[in-house]
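Residue-level listing of the chains:
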Amino acid sequence: MRISATIYLIDHYANNLSSPMHKASTLSKLISAIAALGITIFTNSALALMAEFLIILTFIGAAKLPISRLLSWALYPAFFASLFALSQIPYSLVLPIITIFRAINTALIMLFLISTTPYPELFSILSTPSKTLGNVAFLTYRFFFLFIEQTGERFTVMKARGGLAGSWKIKITNLAHFIGMLFVTSFETSENMYAAMKTRGYSGSISYHKKLRQKFGKQDLIPILFTLCILALMIISTFFKARGLFV
Amino acid sequence: MHIHIPDGVLPLWLWILGYAIVIIFLFVAVRKVRGEEKRGIYAAAMAAIMLVAMSIPLGVPYHINLTVLAGIILGPWWALISAFVTNLILATFGHGGITIVGLNTIVTWFECLVGFYMFKVLQKAFMRKSWRFPMAGGVSTFTALVLSTVLVIGMVGVSGINPAETIHHHDNGSEEAQMSLAVFAALTFPISLVGAVIEAAVTSLILIYVKKVKPTLIPG
């Protein structure tokens, strides 16, 4: 899994796409996601989870997000879930489906949230209990994009010049020196950034709370609807499951 | 090393306990680091480097974590904050479930702690200057990763779930599905040892490089 490419694309979707879900307040999206995650984790109906999967995909499509790409990312946890599922097959054929869909659905809910909400807005939640945590999260995000550009270019040059060819000893040595260089330049970049921030009055706190404080309005109907759909589905499934009509 | 269990698999009490422990220690950490704003910038840089380093292809099913290096450079409390942020970001796109962030932070912070304290002790123990840093770094990393494997196996053991498919090595473990915790541990350890050797070698070489180019980054 290319973590860098994933974060890059998620950042692009959250910042550059526009849909009613993107316009909703961070708080409503976060509450909606937490509720949806809770419902998903505690659901024990395979059919309900499969139906939930379709609901999530519908909302992802409605938010103009690329369904196939988000699905491909959600398949990563699904791979690990499938290993658990395999061990459940001797005991039940329904349990493995529940395990896999639960993993895919929770991953999709998280991806839906972060692909419609820029990371800094989510991190601003962390600064409510602790400004230090919020600041580190926010700066990590900023540094990541700075460092990944430097790394990408240098890694390509190293590969092109045969830096990763040859024996394992050479490979590991060159790779370690590469990471060492990344390490040193990254810390230098962060020091320069700190100096620049200091001149702008930085004293350990960064302000980025704009959308968190946004009032609830009609733009929040979409996240509310999202949670209500999932909740309604789970209530129906529980009702039918109690009568033996649902698996 | 971090646990790649998807959401909804581990028992509720275990992941809530993981979060509770991490929240308590984070509360202590933010108090301990108060006023050290420059080191906060380093903690963020370290978290970003960990994320970037994870993306570097090694040609084997293993990614570098740099948790021990984070412990050595940042010290215990900033390392905890850095580890938490890294795990939280990873969980947002399914690299470990969102419910597992607490447990994963415990595992990675454990590596940072073991690395930090061992490096401190070994630096003094290996007095010959030329190989002091790489040797201390390598041994600390190897020990920290081996011990964290034990911690992960312990977590899987207390969770009561089938342990066959837990630790992150991207291997195809389907045939291992029914094995006991003891067999699982016996199979996991060799794989973890290979990862620990690679990471120890890389950490050691990074320390040599950093010591030559920017020695002020390494304490001691």
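The rules behind each value
Residues numbered from 1 in each chain as written. Chains lettered and ligands numbered in written order. Predicted model: local features only at pLDDT ≥ 70, side-chain atom pairs only at ≥ 80, totals over all residues. Heavy atoms only, no water. Core = buried A, V, L, I, M, F, W, Y, C linked by side-chain atoms within 4.5 Å. Buried < 20%, exposed > 50% of the residue type's maximum accessible area, 1.4 Å probe, protein only. Domains from an automatic or database assignment. Contact = heavy atoms within 4.5 Å. Helix = DSSP H or I, 4+ residues; strand = E, 2+ residues; numbered from the N terminus. Expected span 1.5 Å × (residues − 1). Arc of directions from axis to C-beta. Salt bridge = Lys/Arg side-chain N within 4 Å of Asp/Glu carboxyl O. Polar contact = N/O pair within 3.5 Å; in protein donor to acceptor, adjacent residues only side chain to side chain. Nonpolar A, V, L, I, M, F, W, Y, C, P; charged D, E, K, R; others polar.

Thoughts on the nonpolar core
Grouped together as the largest cluster of nonpolar side chains are 138 residues, with contacts concentrated most on L66(B) and F93(B). When residues are assigned to domains, this core turns out to be shared by domain 1 (3-121 + 216-242) and domain 2 (131-211) of chain A, each giving three or more. Those residues in contact with L66(B) that sit more than four places away from it in its chain are I179(A), M46(B), I49(B), M50(B), A53(B), E199(B) and I206(B).

Re helix α1 (residues 12-32) of chain B
All names here are of chain B. The first and last C-alpha atoms of α1 sit 30 Å apart over 21 residues, in line with the 30 Å expected at 1.5 Å per residue. By the burial criterion, the buried members of α1 are L14, W15, G18, V22, L26, A29 and V30. An end-on view of α1 places all buried positions within 125° of arc, on one side of the element. Exposed side chains of α1 directed beyond 90 degrees from the buried face belong to I23, I24 and F27.

Describing the interface of chain B and chain A
Contacts between the two partners involve 69 residues from chain B, matched on the other side by 68 residues from chain A. Seen at the junction of chain B and chain A, the total is one salt bridge. Salt-bridge contacts for K214(B) lead to E191(A); the nearest nitrogen and oxygen are separated by 3.5 Å. If you list the elements that add at least two residues to the side of chain B that touches chain A, you get α1, α2 (37-54), α3 (67-74), α4 (76-92) and α7 (181-213) of chain B.

Concerning the domain arrangement of chain A
Much of the literature gives interface size as the accessible area that the parts lose upon coming together. Residue and element names in this part refer to chain A. Along its sequence, chain A is carved into domain 1 (3-121 + 216-242) and domain 2 (131-211). A separation of 31 Å is found between the C-alpha centroids of domain 1 and domain 2. If you look at the interface, domain 1 gives 13 residues, while domain 2 gives eight residues. Along the contact surface separating domain 1 from domain 2 lie zero salt bridges. For the interface between domain 1 and domain 2, the tally reads one residue pair in polar contact (both at pLDDT 80 or more). For the side of domain 1 that touches domain 2, the secondary-structure elements that each account for two or more residues are α1 (3-16), α2 (20-23) and α7 (119-126). Of all the elements, α1 adds the most residues to the side of domain 1 that touches domain 2, at five residues. Taken together, the residues of the side of domain 1 that touches domain 2 break down into five nonpolar, five polar and three charged.

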